[in-house]
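Summary of the model geometry
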Amino acid sequence: MDLELSDEQRLLTDSARAFAARELAPYAADWDRDHHFPVEVIRRAAEQGYLALYIAEEDGGLGLSRLSSALIFEQLAAGCVATTAYLTIHNMATWMLASFADQALKDAWLPGLVSGRSLASYCLTEPDAGSDAASLRTRARRDGDDYLLDGSKCFISGAGASDVLIVMARTGEDGARGISCFLVPADAPGVRYGRNEDKMGWKAQPTRSITFDGVRIPAGNRIGPEGEGFVYAMKGLDGGRLNIASCSLGAAQAALEQSLRYVEERKQFGKALSEFQALQFKLADMLTDLTASRQMVRLAAHKLDHGHGEASLYCAMAKRFATDHCFGVCNEALQLHGGYGYLNDYPLERWVRDARVHQILEGTNEIMRVIVARRLLQQSGMLDRLL
């Protein structure tokens, strides 16, 4: 793995940084305060290809690697974490459709999703099936040429504002092998939405529960064969974990940059804060944690791009490490600002609130530890294969 970015990757990151500075950062505080979902900006992001980063070019996407996509998400998140997090979810849902659906379903829905005319939500989590996703109860029952969908999902990003729902539902036996994947139009009869959840962070995107009450969808809206849904969901989450870790990198980068400006400008006891060794040590640790997190994410992305046999393990380790340590960077930045960090006048408290949920979603960090420990204990010679 080459640790240096290519010229193309540097151009991509520069372009994403410029978009974030122009379209996201100046408005992020207002979106957070007003709970505004900036659909118009998301559609401008589509013009840059940011809604279809790793979708194949023949399907209308940019066809980028997971590594290049992670670099872009990191830059965008430095502008607005909540909006970028939604972009990552849309990318994941759209990738699942592009990767596993038949051509007719792709032709019907992909152009709108790639262009931003349509937005997507990913529907896996249920009230009684969060970390234990294989026990989900939402059921799709075959009825002639259709399926009838009944059940509920919760914590669905974009719900109520999106146009397409990628839904995991049970079509067969208990456990992972009985789960299938479906595309459900968001306005289909029988689809009902709960209230917009009042969250700690991510206030610039809606989060709702969804109830499916006898929702009739054509059998052609099934993505792939029956029983493959859980496999698709887990493949999607490998990339999703890298995506959300990249959002944490962006938040931590922004927090560290803000901290550097602050310690140079702020004076106490007759000298700049940057002259105090205790604060110099704190900044050094923040940079070290950010750099280590960035390298973990890039290594995992490289493994995923190259089909490494333990790519899922690397993604789990990177997600756990980066979201834990980057939240720590944001939290330290707030502490460094003292009382000012706790005020809405500075973006520190928003970055802390927005980054905190990354330790929970796409599989909690406790589940990431379970994944890593199981692989380590069950596979002989695992440590040698990771060298």
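Along every chain, residues carry numbers that run from 1 in the direction the sequence is written. Only residues with pLDDT of at least 70 are given local features in this predicted model, and only at 80 or more are side-chain atom pairs given and counted; all residues enter the totals for whole chains, interfaces and linings. Based on all heavy atoms of the structure, the side-chain values leave hydrogens and waters out of the count.

Under an unreviewed UniProt entry, the protein chain has the name Isobutyryl-CoA dehydrogenase and belongs to Ectopseudomonas khazarica. Looking at the Cofactor (unreviewed entry) heading of the UniProt record, one finds this comment for the protein chain: "FAD". UniProt positions are given in the numbering used here, feature names are shortened, and annotations may be inferred rather than shown by experiment.

**Some thoughts on the UniProt feature "domain: Acyl-CoA dehydrogenase/oxidase C-terminal" (unreviewed entry) in the protein chain**
In this numbering, the UniProt entry assigns the feature "domain: Acyl-CoA dehydrogenase/oxidase C-terminal" (unreviewed entry) to residues 227–377. The helix and strand labels rest on DSSP assignments: H or I over at least four residues marks a helix, E over at least two residues marks a strand, and numbering proceeds from the N terminus. The annotated region residues 227–377 carries 75% helix and 3% strand content, and the separation between its end C-alpha atoms amounts to 28 Å.

**Side note on the packing of helix α4 (residues 66–77) against helix α7 (residues 229–265)**
Describing two packed helices takes the angle between their axes plus the distance from one axis to the other. Running from N to C, α4 and α7 cross one another at 35 degrees; their axes reach a closest spacing of 7 Å. In the crossing of α4 with α7, the sense of the turn from one axis to the other is right-handed. Across the interface between the two elements, Arg66, Ala70, Phe73, Glu74 and Ala77 of α4 pack against Gly239, Asn243, Ser246, Cys247, Leu249, Gly250 and Ala251 of α7. Note on residue categories: nonpolar means Ala, Val, Leu, Ile, Met, Phe, Trp, Tyr, Cys or Pro, charged means Asp, Glu, Lys or Arg, and polar means any other residue, Gly included. Considered class by class, the residues forming the contact of α4 with α7 number 6 nonpolar, 4 polar and 2 charged. A fitted line through C-alpha atoms serves as each axis, taken over the contacting stretch for helices, and the angle formed by two N-to-C directions is quoted from 0 to 180°. Here a crossing is called left-handed whenever its near helix is offset anticlockwise from the far helix by less than a right angle, and right-handed whenever the offset is clockwise. Contacts were defined at the residue level, with two residues in contact if any of their heavy atoms lie within 4.5 Å.

**Notes on the pairing of strand β3 (residues 146–157)**
The pairing of strand β2 (residues 139–143) with β3 spans 5 bridges and is antiparallel. The residue bridging Ala140 from the neighbouring strand is Leu149, located in β3. The antiparallel pairing of β2 with β3 creates a hairpin that spans 2 residues between the two strands, and Gly144 there sits at a positive phi of about 65 degrees. Note: β3 against strand β7 (residues 207–218), 9 bridges, orientation antiparallel. Counterpart to Ser157 in the pairing with β7 is Thr207. Between any two strands, pairing holds if DSSP finds at least two bridges.

**A short note on the packing of aromatic side chains**
The criterion for an aromatic pair is that two Phe, Tyr or Trp rings (for Trp, the six-membered ring) have centres within 6.5 Å, with stacked assigned to planes under 30 degrees apart, edge-to-face to planes over 60 apart and tilted to the rest. One pass over the full model with this rule turns up 9 aromatic pairs. Aromatic side chains Trp95 and Phe100 sit 5.5 Å apart centroid to centroid with 85 degrees between the ring planes, which places their arrangement in the edge-to-face category. Only protein chains enter the area calculation, which uses a 1.4 Å probe; residues under 20% of their type maximum are buried, those over 50% are exposed, and those in between are partly exposed. By relative accessible area, which is 15% here, Trp95 ends up buried. Considering the side-chain rings of Phe100 and Tyr232, the 3.9 Å spacing of their centres and the 10 degrees angle between planes classify their relative orientation as stacked.

**Looking at a nonpolar patch on the surface**
Patch members must show over 30% relative accessible area and no salt bridge, and they are joined within 9 Å when carrying like charges or within 5 Å when they are nonpolar side chains of Val, Leu, Ile, Met, Phe, Trp or Tyr. Every accessible area reported is derived by Shrake-Rupley at a probe size of 1.4 Å, with residue values counting cover from the shown protein chains alone. Salt bridges are defined as contacts in which a side-chain nitrogen from Lys or Arg sits within 4 Å of a carboxyl oxygen from Asp or Glu. Among the surface-exposed residues, Leu376, Leu377 and Leu383 lie close enough to one another that they form a single nonpolar patch of about 350 Å² accessible area. By the secondary structure assignment, Leu377 is in helix α11 (residues 365–378). Residue classification places Leu377 among the exposed residues on the basis of a relative accessible area of 74%.

**Focus on helix α9 (residues 311–336)**
For an α-helix, 3.6 residues make a turn, and residues three or four places apart therefore share a direction. Expected helix span is given by 1.5 Å per residue-to-residue step, counting one fewer step than there are residues. Taking 1.5 Å of rise per residue, 26 residues should cover 38 Å, and α9 covers 37 Å from first to last C-alpha, within 8% of that figure. Positioned one or two residues after α9, Gly338 has a phi angle of 60 degrees, which is positive.

**Describing the UniProt feature "domain: Acyl-CoA oxidase/dehydrogenase middle" (unreviewed entry) in the protein chain**
Feature annotation in UniProt assigns "domain: Acyl-CoA oxidase/dehydrogenase middle" (unreviewed entry) to the following positions: residues 122–215. Counting secondary structure, residues 122–215 comes out at 0% helix and 48% strand; the distance between its end C-alpha atoms is 17 Å.

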